[in-house]
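# Descriptive analysis of the structure
Listed below are the residues making up each chain.
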Amino acid sequence: MTEVSTNALFPETFQGTAADIAGQIGLMWELIKAPLIVPLLRAAVYICLAMELMLFIERLYMGIVIVLVKLFMKKPDERYNWEPMRDDLEIGNGGFPMVLVQIPMFNEKEVYKISIGAACNLSWPSDRLVIQVLDDSTDPLIKDLVEKECLRWANKGINIRYQIRENRGGYKAGALKEGLKRDYVKDCEYVVIFDADFRPEPDFLRRAIPFLVHNSEIALVQGRWRFVNANECLLTRMQEMSLDYHFTVEQEVGSSTHAFFGFNGTGGVWRIAAINEAGGWKDRTTVEDMDLAVRASLKGWKFLYLGDLQVKSELPSTFKAFRFQQHRWSCGPANLFRKMVMEIVRNKRVNIWKKFYVIYSFFFVRKIIAHMVTFFFFCVVLPLSLLVPEVEIPTWGAIYIPCIITTLNSVGTPRSIHLLFYWILFENVMAFQRTKATFIGLLEAKRANEWVVTEKLGDALKNKEKTKQTKKPRGSLFGDRILPQELGFAVFLFFCGCYDVLYGKSHYFLYIFLQVITFTIAGFGYIGTIVPS
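From a predicted model like this one, the values you see are computed outputs, not experimental measurements.

Further remarks concern the nonpolar core. Across soluble globular proteins, you tend to see nonpolar side chains buried next to one another. I116, W270 and F303 are the most contacted members of the largest nonpolar core, which has 146 residues in total. For this core, the element with the most residues is helix α12 (residues 352-387), which contributes 20 residues. Residues I66, V69, Y245 and V253 belong to the second largest nonpolar core, which totals 7 residues.

This is how it looks when you write it as structure tokens:
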């Protein structure tokens, strides 16, 4: 066999000392930069600026609307018919509609008692209330504990049913769908859903149900989430800032202007007739709640959000659980958009403005553009522009508009205004995972239907004490904590920052190095509560 020469593998131009090789690479960079790199990077800048303007207009629009709503719009109980539910001595409890409470569970060892107890303590006539615990647990010990808790409440006179399935087909959507098929549910008019970590106040039903009883066009009444562990760690504080904006602004604006918003999957009361007319629960995406909401809206049903109807819940406090949750929350909407966009366009029961709102504002800008512009602009395009001085990013696009968008995002959580800058850096890190999940959903790739139940820790203080007493096994460190992709971005940004220090004039290296630190912290898993395996 003919011996393969070194020149066949390494051209002459790349042979020699390290300095010679570096010089040759630099020469090749200069040769391709002007005809290829510069035009591509400029195009990327224009695309990112266009997406940023779309997001800015959307945030500004919602900011203006929420101010007008707060100043001039009547409260929900004045806009809609609403009368309190009263006990009637003549007809007894017959004036109260039958209500089903569904509590889907999956190995919820830490929180099952809290959620079942909160549901059983709802202020509603016991003979007009059915509580249904839908347990998909795979751990026999946990299933036994949950069943015994249901029996304990049943012995107190509560109409509570413990339901299990042979398999977890359809995950949460499958469990909810199966629960509605039970014979004892046929007389129920409304269903309220509480995830296993949700703790409604006793008067939840008495405040929400009258809107459904006296307004036949309303299909859903959604309550607001409040977080019992928001102060547990910096990770939960960051989540609180993002979710408070969602509830304070996005949900309120959708409810007030178009009577539409995405159902949050829990903490809401549905009219069962609306669920059936919309086609019932479907498991085609990981956002079965949003899927049902869009389909019901296309049937002409209206939704109502009540910001003062609050339900306590728990935020994921481990970074691993949060990343799984964000993958589902980012991948699912993109996948649903792919499946439903033409169905929305062809629908004849809703007007063109509502279609535009759902397609452009609700899906395209908030669920797709928001993630992509955050990641590509601030973590890829802006750092690369430091290596190519021929490409300039206008100051209004790199600084002014992002600052305005960030300020508008912070209105929901004024108590955390001092954390705003770190929240920006953290959101940029998470934008990488969200963007990846968005593409998976749009392309319906391998992980499009991945469903990992968000881990709940229950009593945060108890878990912290347990964490201090137990050492984490060394063998699980790399798989559970080290994130190579985040560390890779940290290295890339560090290189760009160093180049800007040596040759740049923009001083963006100040932001770049802070972003490097945040990516590095995330890459080593030092975010949130560290729980032993």
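Once the structure has been displayed, the description carries forward.
Together, L27, W29, L31, I32, L36 and L40 make up an exposed nonpolar region whose accessible area comes to about 580 Å². Within the secondary structure, L36 is located in helix α2 (residues 18-72). Residue classification places L36 among the partly exposed positions, given a relative accessible area of 43%.

Attention shifts here to the UniProt feature "transmembrane region" (unreviewed entry) in the protein chain. According to UniProt, the "transmembrane region" (unreviewed entry) feature falls on residues 43-69, 356-387, 399-426, 482-502 and 508-531. Structurally, residues 482-502 comprises 90% helix and 0% strand, and the distance from its first C-alpha atom to its last is 31 Å.

According to UniProt, the feature "domain: Glycosyltransferase 2-like" (unreviewed entry) maps to residues 190-388 in the numbering used here. For residues 190-388, the helix share is 58%, the strand share is 16%, and the end-to-end C-alpha distance is 60 Å.

Evaluated as defined, the whole model comprises 30 aromatic pairs. Relative to W225, the ring of F198 has its centre 5.2 Å away and its plane inclined at 80°; by these criteria the two rings are edge-to-face. Taken together, the residues span a long stretch of sequence, with F198 in the loop between β4 (190-193) and β5 (199-200) and W225 in strand β6 (residues 218-227) at a distance of 27 residues. Classification of F198 as buried rests on a relative accessible area of 3%. R323 extends its terminal NZ or CZ atom over the ring of F319, reaching a point 5.8 Å from the ring centre. The positively charged end of R328 is found above the aromatic ring belonging to W451, 4.7 Å away from the centroid.

Taking 1.5 Å as the rise per residue, helix α5 (residues 140-154) with 15 residues should run 21 Å; its terminal C-alpha atoms sit 21 Å apart, in good agreement. Listed as buried for α5 are I142, V146, E149, C150 and W153. Angularly, the buried residues of α5 cover 100° about the axis, an arc narrow enough to put them on a single face. Away from its buried face by more than 90 degrees, α5 exposes P140, L141 and K148. Those residues of α5 that are buried lie in contact with β1 (99-105), α4 (112-120), β2 (129-135) and β3 (160-164). Structurally, the start of α5 carries an N-cap: the backbone nitrogen of L141 is 2.9 Å from a side-chain oxygen of D139.

Turning our eyes to something else, we now look at empty space enclosed by the protein. Under the counting rule described, the total for this entry stands at 2 cavities of 30 Å³ or more. Size it by volume and the largest cavity reaches roughly 40 Å³. Lining of the largest cavity is provided by H246, E250, Q251, F261, G262, Y357, F362, R366 and K367. Broken down by secondary-structure element, the contributors of at least two residues to the lining of the largest cavity are α8 (234-257) and α12. Sorting elements by how many residues they give to the lining of the largest cavity places α12 first, with 4 residues. Along the lines of polarity and charge, the residues of the lining of the largest cavity split into 3 nonpolar, 3 polar and 3 charged. Mapped onto the lining of the second largest cavity, the elements with two or more residues apiece are β2, β3 and α6 (171-180). Classifying every residue of the lining of the second largest cavity by side-chain character gives 3 nonpolar, 1 polar and 4 charged.

Secondary-structure assignment places Q251 in helix α8. For Q251, the contacting residues outside a window of four places in its chain are Q222, H246, F261, G262, N264 and Y305.

Rules behind the numbers
- Residues numbered from 1 in each chain as written.
- Predicted model: local features only at pLDDT ≥ 70, side-chain atom pairs only at ≥ 80, totals over all residues.
- Heavy atoms only, no water.
- Core = buried A, V, L, I, M, F, W, Y, C linked by side-chain atoms within 4.5 Å.
- Buried < 20%, exposed > 50% of the residue type's maximum accessible area, 1.4 Å probe, protein only.
- Helix = DSSP H or I, 4+ residues; strand = E, 2+ residues; numbered from the N terminus.
- Patch = residues over 30% accessible without salt bridge, like charges linked within 9 Å, V, L, I, M, F, W, Y side chains within 5 Å.
- Areas by Shrake-Rupley, 256 points an atom, 1.4 Å probe, with all protein chains shown as cover.
- Salt bridge = Lys/Arg side-chain N within 4 Å of Asp/Glu carboxyl O.
- UniProt positions renumbered as here; feature names shortened; annotations may be inferred.
- Phe/Tyr/Trp six-rings, centres within 6.5 Å; stacked < 30°, edge-to-face > 60°.
- Lys NZ or Arg CZ within 6 Å of the ring centre and 35° of its normal.
- Expected span 1.5 Å × (residues − 1).
- Arc of directions from axis to C-beta.
- Contact = heavy atoms within 4.5 Å.
- Polar contact = N/O pair within 3.5 Å; in protein donor to acceptor, adjacent residues only side chain to side chain.
- 1 Å grid on protein atoms, 1.4 Å probe; cavity = no way out; pocket = protein on both sides within 12 Å on 5 of 7 lines; lining within 4 Å.
- Points joined across faces, edges and corners; volume = space filled by probe spheres on them.
- Nonpolar A, V, L, I, M, F, W, Y, C, P; charged D, E, K, R; others polar.

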